Amino acid sequence: MNATPRLVDSHAHLDMPEFDADRADVVRRAFGAGVAAILCPADLTRPASLPAIAALAGEFPTVLAAAGVHAHQAKDFTPDHLGELERLAAAGAIRAIGEIGLDYHYDFSPRQAQAEALRGQLAVAAKAGLPAIIHSRLAGPDIIAAVVAERYAGGGILHCFTEDWATARALLDRGFFVSFSGILTFPKAGALREVAARVPEDRLLVETDSPYLAPVPYRGSGRRNEPAFVVETARVLAGLRGLSLEALAEATTRNFAALFPFEKTGGQC
Ligand SMILES: [Zn+2]
Ligand SMILES: [Zn+2]
């Protein structure tokens, strides 16, 4: 058996230009490092995004494609995007709707536009029966409000979670999984580590959010983050919870497979 723990990177932007030169090699390197699957969200407002992810998903059965309009791009969101998502979902071309959400830290788009894009896309996720991938930055109460207002019960992933326990609890109650990124490894993330210690084991996920947020020890080196580095976040999360890395890997990979059944590569799901 393979001695490396079998992990899943639940969120990686392998569509980004940072990966133009070596996209497939990055995936192969991750698989070589024990990563069993990678979920890649494409953004419909960037023309090169979905084709890049679709090509990877076509080449690698355990690279899973998602699509949506990000909170940052909500100013460019139109109802046509909802139709495109419906078509992609019906064709089986995507496994999730996202990432979608609210970002009140950067506020790159007006908040009203962010809310409209989020609610429209949640409705499509519900209709298509696909999980939603949620981005939330300083916006926990409004994410909850949108989920409640849409009566959204399809669950999904709270990706790169940085909100408080009350937000996690409310959305766990509505069926969401909570995914932690390399931020968990940062020295100043003590409050987040407390939240991470409390999330039920059957709802935990790990991710890189590549090419951003490289975990310690890669952080600060100016280095591009990539899915192979997800093990560093898993190691910290395991330590917080008093688990071995292997047990944490098994739990998070099982959780991911519950949400997105993916082709078996190691026989343990
Ligand atoms: Zn995000
Ligand atoms: Zn992202």
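Every value quoted in this text rests on a predicted model; they were computed, and no experiment measured them.

Caption draft 1: Local environment of the overall build of the chain. Counting its regular elements, the chain contains nine helices and eight strands. Taken against the 2.2 N^0.38 rule, which gives 18 Å for 269 residues, the C-alpha radius of gyration of the chain at 17 Å falls within 12% of a compact globule. Overall, the chain is about 50 × 40 × 35 Å in size when its C-alpha atoms are taken along their principal axes. Residues classed as buried in the chain amount to 57% of the 269 residues present.

Caption draft 2: Just the packing of helix α7 (residues 190-198) against helix α8 (residues 230-240), in detail. Between α7 and α8, whose axes approach to 9 Å, the crossing angle comes to 70°. What the angle tells us is that α7 and α8 run roughly perpendicular. Each of Arg193, Ala196 and Ala197 in α7 lies in contact with α8, whose residues at this interface are Val236, Leu237 and Leu240.

Caption draft 3: Spotlight on the confidence of the model for the chain. Here the chain shows a mean pLDDT of 95. Residues at 70 or above account for 96%. Between residues 265-269, whose pLDDT stays under 50, and residues either more than four places distant or in other chains, the model counts 11 contacts.

Caption draft 4: Summary view of the pattern of salt bridges. In this structure the tally under the stated criterion is 14 salt bridges. We note a salt bridge from Glu150 to Arg119, for which the minimum N-O separation is 2.7 Å. One end of the pair, Glu150, is in the loop between α5 (140-149) and β6 (156-158); the other, Arg119, is in helix α4 (residues 111-128), and 31 residues separate them in sequence. Judged by its relative accessible area of 26%, Glu150 is partly exposed. Residue Glu232 is joined to Arg235 by a salt bridge in which the shortest nitrogen-to-oxygen separation is 3.5 Å. Taken together, the positions of Glu232 and Arg235, both in helix α8 and three residues apart, correspond to about one turn of that helix. With relative accessibility at 14%, the residue Glu232 sits in the buried group. If you follow the salt bridges from partner to partner, you end up with Asp22, Arg29, Arg224 and Glu226 in one network.

Caption draft 5: Looking closely at the coordination of the zinc ion (ligand 1). Within the first shell, the zinc ion (ligand 1) binds the protein through Glu99 (OE), His135 (ND1) and His159 (NE2), at distances of 1.9 to 2.1 Å. The sequence pattern describing where the donors of the zinc ion (ligand 1) fall on their chain is E-x35-H-x23-H. A separation of 3.2 Å is found between the zinc ion (ligand 1) and the zinc ion (ligand 2), both of which receive a donor from Glu99. On the criterion of sequence distance, the pair formed by His135 in strand β5 (residues 132-137) and His159 in the loop between β6 and α6 (165-172) is long-range, its members being 24 residues apart. Neither residue differs from the other here; His135 and His159 are each classed as buried.

Caption draft 6: Examining the sheet that holds strand β7 (residues 176-180) more closely. Taken in spatial order, the eight strands make up an open sheet running β1-β2-β3-β4-β5-β6-β7-β8, and their pairing is parallel. Where the open sheet ends on each side, the last strands, each with one partner, are β1 (7-9) and β8 (204-206). Each strand of the sheet is rotated relative to its neighbour by a mean of 25°, with strand direction disregarded. Across three bridges, the pairing between β7 and β8 is parallel. Residue pairing in the sheet places Phe180 in a bridge with Val206 of β8.

Caption draft 7: Seen up close, α7. Of all the positions in α7, only Leu192, Arg193, Val195 and Ala196 are classed as buried. Down the axis of α7, the smallest arc covering the buried residues is 160°, so these residues share one side. α7 presents Ala191, Glu194 and Arg198 as exposed residues on the side facing more than 90 degrees away from its buried surface. In this structure, the buried side of α7 is in contact with α6, β7, β8 and α8.

Caption draft 8: Spotlight on unusual backbone geometry. Across the junction of Gly98 and Glu99, the peptide omega takes the value 10°, indicating a cis bond. The residue Glu99 is located in strand β4 (residues 96-103) in this model. Following Ser210, the chain continues to Pro211 via a peptide bond in cis, the omega torsion being 5°. In this fold, Pro211 is placed in the loop between β8 and α8. Even without glycine at this site, Leu138 takes up a positive phi of about 55°. By the secondary structure assignment, Leu138 is in the loop between β5 and α5. A positive phi angle is found at Arg151, which is not glycine, with a value near 50°. As for its position among the elements, Arg151 is in the loop between α5 and β6. Residue Arg151 is classed as exposed on the basis of its relative accessible area, which comes to 74%.

The rules behind these values
- Residues numbered from 1 in each chain as written.
- Chains lettered and ligands numbered in written order.
- Predicted model: local features only at pLDDT ≥ 70, side-chain atom pairs only at ≥ 80, totals over all residues.
- Heavy atoms only, no water.
- Helix = DSSP H or I, 4+ residues; strand = E, 2+ residues; numbered from the N terminus.
- Rg over C-alpha atoms; globule rule 2.2 N^0.38 Å.
- Buried < 20%, exposed > 50% of the residue type's maximum accessible area, 1.4 Å probe, protein only.
- Axes fitted to C-alpha atoms, helices over the stretch in contact; angles between N-to-C directions.
- Parallel < 35°, antiparallel > 145°, perpendicular 65-115°, else oblique.
- Contact = heavy atoms within 4.5 Å.
- pLDDT = per-residue confidence, 0-100.
- Salt bridge = Lys/Arg side-chain N within 4 Å of Asp/Glu carboxyl O.
- Donors = N, O, S within 2.8 Å, 3.2 Å for Na, K, Ca; no water.
- Pairing = 2+ DSSP bridges.
- Arc of directions from axis to C-beta.

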